[in-house]
Amino acid sequence: SQQGEEDPQALSIQEGENATMNCSYKTSINNLQWYRQNSGRGLVHLILIRSNEREKHSGRLRVTLDTSKKSSSLLITASRAADTASYFCAPAGGTSYGKLTFGQGTILTVHP
Amino acid sequence: DTAVSQTPKYLVTQMGNDKSIKCEQNLGHDTMYWYKQDSKKFLKIMFSYNNKELIINETVPNRFSPKSPDKAHLNLHINSLELGDSAVYFCASSQGVGSDTEAFFGQGTRLTVV
């Protein structure tokens, strides 16, 4: 299974702090995506990192991938109250037919 | 314009009823999906259609039947609803089916079976 497991399950921080979420998986992958889900909404794609990449940036987001440890991390710098959401990783590889396999997500709460 | 829209957003119904959820995407994508999110937030794929052909059919009770009349629409019909069917159902779409495919999700349909 290529399901990712996010850790921690919940994270509570103050506005302006950095938030780090981790994702572990068990099989070889071609890439890994991160998605955000605001309360009562659908998932929104944040970033994709390929297996030959170690780090990728997008605005305040920084994603790392360590294929030897089968893990990825998502760092949100200078967090804002609007970053409050659940964050999911989706590792993928092989013939997935576009299927995304998610874990339980990390619930991030950013206090103003 | 909403890219992936689902109707209804909320659905409360009694056990044993039959209900449908509709999904439409205006992104011109060729692949659509149904996902189910349970009360613990686990999100699991149920079905996927590529160019109106069923390509993913996970272990789902046959009370659930997807229908794709065209590439822009994917509906989900559920017969004989059970309490355990209560969940949030998400429709999604993508262009292509590669492992790096980005999915676009609808806002979800919260189904409550009483």
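This section reports on the structure supplied with the text. (Residues numbered from 1 in each chain as written. Chains lettered and ligands numbered in written order. Predicted model: local features only at pLDDT ≥ 70, side-chain atom pairs only at ≥ 80, totals over all residues. Heavy atoms only, no water.)

**Structural notes on the overall build of chain B**
Here comes step 1: Within chain B, the secondary structure is distributed over zero helices and eleven strands.
Here comes step 2: In sequence order, the secondary structure elements of chain B are arranged as β-β-β-β-β-β-β-β-β-β-β.
Here comes step 3: Over its C-alpha atoms chain B spans a radius of gyration of 13 Å, differing by no more than 12% from the 13 Å that the globule rule assigns to 114 residues.
Here comes step 4: Across its three principal axes, chain B shows a C-alpha extent of roughly 35 × 30 × 30 Å.
Here comes step 5: For chain B, with 114 residues in total, the buried portion stands at 45%.
Here comes step 6: A separation of at least 24 residues holds for 55% of the contacts in chain B among residues at least 6 apart in sequence.
Here comes step 7: Averaged over its 12 positive side-chain charges, chain B has a centre that lies 8 Å from the centre of its 12 negative ones. (Helix = DSSP H or I, 4+ residues; strand = E, 2+ residues; numbered from the N terminus. Rg over C-alpha atoms; globule rule 2.2 N^0.38 Å. Buried < 20%, exposed > 50% of the residue type's maximum accessible area, 1.4 Å probe, protein only. Contact = heavy atoms within 4.5 Å. Lys, Arg positive; Asp, Glu negative; His and termini not counted. Charge placed at Lys NZ, Arg CZ, Asp CG, Glu CD.)

**Some details on the environment of B:Gly84**
Here comes step 1: Relative to the assigned elements, B:Gly84 resides in the loop between strand 8 (73-78) and strand 9 (87-94).
Here comes step 2: Residue classification places B:Gly84 among the exposed residues on the basis of a relative accessible area of 57%.

**What to know about the pattern of salt bridges**
Here comes step 1: Inspection of every chain in the model, using the stated rule, returns six salt bridges over all chains.
Here comes step 2: A salt bridge links A:Glu55 to A:Arg62, with the shortest nitrogen-to-oxygen separation between them at 3.0 Å.
Here comes step 3: A residue is classified by how much of its surface remains accessible, and A:Glu55, at 40% relative accessible area, is partly exposed.
Here comes step 4: Exposure remark for A:Arg62: the relative accessible area of 30% places this residue in the partly exposed category.
Here comes step 5: Between A:Lys99 and B:Glu58 there is a salt bridge, with its nearest N and O atoms 3.3 Å apart. One end of the pair, A:Lys99, is in the loop between strand 9 (85-92) and strand 10 (106-111); the other, B:Glu58, is in the loop between strand 6 (53-57) and strand 7 (64-70), on a second chain. (Salt bridge = Lys/Arg side-chain N within 4 Å of Asp/Glu carboxyl O.)

**Notes on the environment of A:Lys56**
All names here are of chain A.
Here comes step 1: Tracing the chain through its elements places Lys 56 in strand 6 (residues 55-58).
Here comes step 2: If sequence neighbours within four positions are ignored, Lys 56 has contacts with Ile 47, Leu 48, Ile 49, Leu 61, Arg 62 and Val 63.
Here comes step 3: Of note is the side chain of Lys 56, whose polar atom sits 2.9 Å from the backbone oxygen of Leu 48. (Polar contact = N/O pair within 3.5 Å; in protein donor to acceptor, adjacent residues only side chain to side chain.)

**Overview of the state of the cysteines**
All names here are of chain A.
Here comes step 1: For the structure on display, the rule yields two disulfides over all chains.
Here comes step 2: Across the disulfide from Cys 23 sits Cys 89; the S-S distance is 2.0 Å. Residues Cys 23 and Cys 89 are joined by a disulfide whose S-S torsion is about 70°; by sign, that bridge is right-handed. Linking Cys 23 in strand 3 (residues 19-24) with Cys 89 in strand 9, this pair joins segments that are 66 residues apart in sequence.
Here comes step 3: The exposure class of Cys 23 is buried, given its relative accessible area of 1%.
Here comes step 4: When its relative accessible area of 0% is taken as the criterion, Cys 89 is described as buried. (Disulfide = S-S within 2.5 Å.)

**Observations regarding the pairing of strand 10 of chain A**
Residues and elements named next belong to chain A.
Here comes step 1: Burial of strand 10 is one-sided: the residues Thr 106, Leu 108 and Val 110 facing one way are buried, the residues Ile 107, Thr 109 and His 111 facing the other way are not.
Here comes step 2: In this sheet, strand 10 lies alongside strand 2 (residues 10-14) in parallel orientation, the contact comprising five bridges. Residue pairing across strands places Ile 13 opposite Val 110, the latter belonging to strand 10.
Here comes step 3: Sheet topology places strand 9 next to strand 10; three bridges connect them, and they run antiparallel. By the bridge assignment, Ser 86 is partnered in strand 10 with Ile 107. (Pairing = 2+ DSSP bridges.)

**Re the pairing of strand 7 of chain B**
Here comes step 1: The sheet contact formed by strand 7 of chain B and strand 8 of chain B spans five bridges and is antiparallel. Paired with B:Phe64 across the bridge in strand 8 of chain B is B:Ile78.

**A few points about the packing of aromatic side chains**
Here comes step 1: In total, this model carries nine aromatic pairs over all chains according to the counting rule given.
Here comes step 2: When the ring of B:Tyr35 is compared with that of B:Phe105, the centres are 5.4 Å apart and the planes differ by 50°; the resulting orientation is tilted. Of this pair, B:Tyr35 sits in strand 4 (residues 31-37) while B:Phe105 sits in strand 10 (residues 104-105), placing them 70 residues apart in sequence. B:Phe105 carries the same exposure label as B:Tyr35, and that label is buried.
Here comes step 3: An aromatic cluster is present here, built from A:Tyr35, A:Phe88, A:Phe102, B:Tyr33, B:Tyr35, B:Phe90 and B:Phe105 joined pairwise through their rings. (Phe/Tyr/Trp six-rings, centres within 6.5 Å; stacked < 30°, edge-to-face > 60°.)

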